[in-house]
Amino acid sequence: MNSLVPTEKIWRNGAFIRWEDATIHVLSHVVSCGSAVWEGIRCYETPDGPAIFRAGRHMRRLIDSARIYRMETGWSAGQLSEAACDLVRVNGLRSCYIRPIVMRGYGSLGVHGGDNPIEIFMACWPWGTYLGEEALEQGVDVCVSSWNRMAPNTLPALSKSSANYMNSQLIRMEAAVNGYHEGIALTPEGTVSEGSAENVFVVREGRLLTPPLTSSVLEGITRETVIQLASDLGIPVLETPIPREMLYIADEVFLAGTAAEISPVRSIDRIPVGSGARGPITGKLQSEFFAIARGLRPDRHCWLTAVGVCEGVV
Ligand SMILES: Cc1ncc(COP(=O)(O)O)c(C=O)c1O
């Protein structure tokens, strides 16, 4: 699952290089210190050709993630979105996953790291579902992790940094070892935070609840998309701290993320969520999300960037 499928070209600091040449020195700062930030972006196939979902928003978050760590990329969100379009076109893909990475490179290994060059790579490759083929329809089995998300003012949750994914790995590995698809971590205070790579939504009596940004979550772009779609569909949304036990008495729970898209949760710690199948509100949001992302319903919020009409170097 989730194996890399090499494509022809990778974008590096403004130029295209061969996939095999996108290497770094083992003593690059990022290897010892985790000093990288990255994005995960999907490009969907639409009737008008490939289109990147929320490209500008992802690139803005990449720049913001870097800024928190005093890393200046030297690129604007618009330029990076344009580069992403070029990349998809150069590789001739109709749909794919796009991975920009900003990192501290090779030069010195002091913890400060500020005198190392900032390198930006962007790769893309074909990618299917993240939590398994049946996840979108049947739902996934999750556990509450014994690992917490990062405490405030330790590793910043709003920065999508590589270092944060060490915590995510612990959550995801523990879930897998115990036979679950995914784990949901709590905050250090014991309220619901997020999955290893997804934000969490709970439906209770017709309302949609999700933890606020102060609950050690990434400011997910799918989260933001779901909140907008819920508002379009007249579903009340509340960003509020969620006690763990709310997960066990919710009518519906789903995970939202670029990789997982909108994946229903069918059980938590072996307790069925609602009827144990995808609930009606999850279903509505999921079909609205996919219809827009796949260009089958009008793009009323301008979320799609058509790869074909992008200007730039090919
Ligand atoms: C920890 C974490 N939370 C939430 C998300 C969802 O964010 P997005 O919807 O922007 O992909 C991700 C996705 O990468 C993540 O890694």
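Heads up: the structure comes first, above all this text.
The rules we used
- Note on numbering: residues in each chain are counted from 1, in written sequence order.
- For a predicted model such as this one, the threshold for reporting local features is a pLDDT of at least 70, and the threshold for listing and counting side-chain atom pairs is 80 or more; totals across whole chains, interfaces and linings nevertheless cover every residue.
- Side-chain measures were taken over the full set of non-hydrogen atoms in the model, leaving aside hydrogen atoms and water.
- Throughout, the term near means that a residue has one or more heavy atoms lying within 4 Å of the molecule or strand in question.
- Nitrogen and oxygen atoms within 3.5 Å of one another constitute a polar contact, given that in protein one can donate a hydrogen and the other can accept it, and given that sequence-neighbouring residues count only through two side-chain atoms.
- Here, Shrake-Rupley sampling with a 1.4 Å probe gives the accessible areas, and only protein chains in the shown set may cover a residue.
- Only DSSP runs of H or I with at least four residues qualify as helices, and only runs of E with at least two residues qualify as strands; both kinds are numbered from the N terminus onward.
- Here the nonpolar group is Ala, Val, Leu, Ile, Met, Phe, Trp, Tyr, Cys and Pro; Asp, Glu, Lys and Arg are the charged ones; every other residue, Gly included, is treated as polar.
- By definition, a salt bridge exists where a carboxyl oxygen of Asp or Glu is found within 4 Å of a side-chain nitrogen of Lys or Arg.
- Pairing between strands is defined by DSSP: at least two bridges between the two strands are required.

Q: Is there a simple way to explain the site of the ligand in this structure?
A: Neighbouring the ligand are 16 residues; Lys160, Tyr165, Glu194, Thr222 and Thr258 lie closest to it. Glu194 is positioned with one of its side-chain polar atoms (N or O) 2.7 Å from a nitrogen atom of the ligand. Interatomic distance of 2.6 Å between a side-chain N/O atom of Thr258 and an oxygen atom of the ligand. Out of a free accessible area of 390 Å², the ligand has 96% covered by protein chains. The set of elements that each furnish at least two residues to the shell around the ligand consists of α6 (221–232) and β14 (252–257). Looking at the shell around the ligand, its residues break down into five nonpolar, six polar and five charged.

Q: I would appreciate a short explanation of the pattern of salt bridges in the present structure.
A: Opposite charge on two side chains permits pairing when their charged atoms draw close. Applying the stated criterion to the full structure yields 19 salt bridges. The shortest N-O distance in the salt bridge between Arg54 and Glu224 comes to 2.8 Å. Remark: Glu224 occurs in helix α6 and Arg54 occurs in the loop between β5 (49–53) and α2 (55–68); sequence separation between them is 170 residues. If you follow the salt bridges from partner to partner, you end up with Arg54, Arg57, Glu219 and Glu224 in one network.

Q: Could you clarify how one ought to interpret the pairing of strand β2 (residues 15–18) in this entry?
A: Along a regular strand, successive side chains alternate from one face of the sheet to the other. Here strand β1 (residues 9–12) runs beside β2; their pairing, made up of four bridges, is antiparallel. Each bridged residue has a counterpart across the sheet, and for Ile10 the counterpart in β2 is Ile17. Hairpin connection, β1 to β2: the antiparallel pair is bridged by two residues, and Asn13 has positive phi, about 50 degrees.

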